[in-house]
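# A closer look at the structure
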Amino acid sequence: MKFFADTANLDEIKSAASLGILDGVTTNPSLVAKEGGVDFKEHILKICEILNNPKASVSAEAVSTEYESMIKEGRELAKIHPCVYVKLPMTRAGLQATHTLASEGIRVNQTLIFNAGQALMSAKAGARFVSPFVGRLDDIGQDGMVLIQEIREIFDNYDFECEILVASIRGPLHAINAARLGADIATMPVKVMDQMLKHPLTDNGLASFLKDWENRGK
Ligand code: E4P
């Protein structure tokens, strides 16, 4: 499973990249807004340069809502860097724009997916990633992981060139369960990666090994 950092913060991205297991970054308008008045395109370019890996993926989201303006914006975003995936919402216009951009070779991450039918239509339109939001489904009392299971089952029946990018991850269990279900990618806050790599028994075990080493008979 690929690991993406779900942030537009450059320090967080550098920190996650330093772990050596980072395959990409997802941003959205809210995450970019948190970085203050940055120039969006320049900021996306900086993220691509930090990753410094031609296989990495950096999602940049369009803010247009009409088909014509979406494809125009998508084409501009795709020009920023070869790693850029254009993120488009799962609306009628977003689906149409996905089909158009995909036919031009532009890779689309279809975002705001909340049911399996949306994921299926998006894959048929040519999206390279679908982004189901598990945390936001959990928030309204629906099990987000059931959706991942459904999409996995559907995609395994066909040959779509579309990966399941589990989004809206709130903690390590979301990422672990996504991997158990065979999701292709998990995008998570860098805090979740830090939580995932830690275990108190690892820390206690190391402390006692080091103490014993210090007290060894010399
Ligand atoms: C990433 O692609 C999504 O925009 C993000 O995971 C949404 O996360 P949230 O539900 O925590 O805002």
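The structure presented is a predicted model; accordingly, all values stated were derived computationally and were not measured. (Residues numbered from 1 in each chain as written. Predicted model: local features only at pLDDT ≥ 70, side-chain atom pairs only at ≥ 80, totals over all residues. Heavy atoms only, no water.)

### Details of the pairing of strand 3 (residues 57-61)
Applicable threshold: Burial status follows relative accessibility: with a 1.4 Å probe on protein chains alone, a residue under 20% of its type maximum counts as buried, one over 50% as exposed, and anything between as partly exposed. For the purposes of this entry, the term helix denotes a DSSP run of H or I that reaches at least four residues, the term strand denotes a run of E that reaches at least two, and both are numbered from the N terminus. Strands were regarded as paired on the criterion that DSSP finds at least two bridges between them.
Most of strand 3 is tucked away: five of the five residues are buried. Burial of strand 3 is two-sided: the residues S57, S59 and E61 facing one way and the residues V58 and A60 facing the other way are all buried. Both strand 2 (residues 24-26) and strand 3 contribute to a ladder of three bridges, which runs parallel. Within strand 3, the position partnered with T26 by the bridge is S59.

### Concerning the packing of aromatic side chains
The relation between two aromatic rings is expressed through the spacing of the ring centres and the mutual angle of the planes. Inclusion rule: Pairing of aromatic rings covers Phe, Tyr and the six-membered ring of Trp, with a centre-to-centre limit of 6.5 Å; geometry is then stacked below 30 degrees between planes, edge-to-face above 60, and tilted otherwise. Two thresholds decide whether a charge sits over a ring: the Lys NZ or Arg CZ must be within 6 Å of the ring centre and within 35 degrees of the ring normal.
Inspection of the entire model under this criterion finds five aromatic pairs. Aromatic side chains F155 and F160 sit 5.6 Å apart centroid to centroid with 65° between the ring planes, which places their arrangement in the edge-to-face category. Its relative accessible area of 25% is what places F160 among the partly exposed residues. Ring centres of Y158 and F160 lie 5.7 Å apart, and the angle between their planes is 45°; on these two criteria the pair is classed as tilted. Here the aromatic cluster, defined as three or more aromatic residues joined through ring pairs, consists of F4, Y85 and F129. Stacked on the ring of W213, the Lys or Arg R216 has its end atom at 4.0 Å from the ring centre.

### Some points on the packing of helix 4 (residues 67-78) against helix 5 (residues 92-103)
Defined as follows: Note on geometry: axes are lines fitted to C-alpha atoms, helical ones only across the stretch in contact, with angles between N-to-C directions running from 0 to 180 degrees. Should an angle lie under 35 degrees it is considered roughly parallel, over 145 roughly antiparallel, and from 65 to 115 roughly perpendicular; all remaining angles are considered oblique. Crossing handedness is read from the near helix: turned anticlockwise from the far helix by less than a right angle, it gives a left-handed crossing, and turned clockwise, a right-handed one. Two residues form a contact once any of their heavy atoms are found within 4.5 Å. Polar here means any residue other than Ala, Val, Leu, Ile, Met, Phe, Trp, Tyr, Cys and Pro, which are nonpolar, and Asp, Glu, Lys and Arg, which are charged; Gly is therefore polar.
Orientation of helix 4 relative to helix 5, taken along the N-to-C sense of each, is 45°, at an axis distance of 9 Å. With respect to helix 5, the element helix 4 is oriented oblique. Relative to helix 5, the crossing made by helix 4 is right-handed. Of the residues in helix 5, those touching helix 4 at Y67, M70, I71, G74 and R75 are A93, G94, Q96, A97, T100 and L101. Taken together, the residues of the contact of helix 4 with helix 5 break down into six nonpolar, four polar and one charged.

### Examining the environment of T27
For the record, the criterion: As used in this structure description, the phrase polar contact means that two N or O atoms lie within 3.5 Å; if the pair is within protein, one of them must be able to donate a hydrogen and the other to accept it, and residues adjacent in sequence are counted only when both atoms belong to side chains.
Within the secondary structure, T27 is located in the loop between strand 2 and helix 2 (29-33). Residue classification places T27 among the buried positions, given a relative accessible area of 1%. The sequence separation of T27 and N52 amounts to 25 residues, and the corresponding C-alpha distance is 17 Å. Ignoring any residue separated from it by four or fewer positions in sequence, one finds T27 in contact with T7, A8, V32, I44, I47, S59, A60, E61 and K87. Separated by 2.7 Å, the side chain of T27 and the backbone oxygen of S59 make a polar contact.

### As for unusual backbone geometry
Non-glycine residue N52 carries a positive phi angle of around 45°. Tracing the backbone through its elements, the reader meets N52 in the loop between helix 3 (40-51) and strand 3. Even without being a glycine, S168 presents a positive backbone phi close to 60°. Inspection of the secondary structure puts S168 in the loop between strand 7 (163-166) and helix 9 (172-180).

### Quick word on the site of the ligand
To keep it simple, the criterion reads: The near set for a molecule or strand comprises every residue that places at least one heavy atom within 4 Å of it. Residue-level accessible areas treat just the shown protein chains as cover; the underlying method is Shrake-Rupley with a 1.4 Å probe.
With respect to spatial proximity, the complete set of residues near the ligand consists of D6, T26, N28, K87, F133, R136, A167, S168 and R170. Between the ligand and N28 there is a distance of 2.7 Å, counted from an oxygen atom to a side-chain nitrogen or oxygen. R170 is positioned such that a nitrogen or oxygen atom in its side chain is 3.0 Å from an oxygen atom of the ligand. For the ligand, the accessible surface in isolation is 350 Å², of which the surrounding protein chains cover 84%.

### Quick word on the pattern of salt bridges
How we decide: When a carboxyl oxygen of Asp or Glu lies within 4 Å of a side-chain nitrogen of Lys or Arg, that pair is called a salt bridge.
All told, the structure shown has ten salt bridges when counted by the stated rule. When the shortest N-O distance is used, the salt bridge between R152 and D156 registers 3.1 Å. With a gap of four residues between them, R152 and D156 both fall in helix 8 (residues 144-156), about one helical turn apart. On the basis of relative accessible area, R152 is assigned to the buried category, the value being 15%. Its salt-bridge partner being D203, residue K198 comes within 3.5 Å of it at the nearest N-O pair. Overall, D203 belongs to the partly exposed group, its relative accessible area being 38%. Within this structure, K41, E76 and K79 form a network of salt bridges that share partners.

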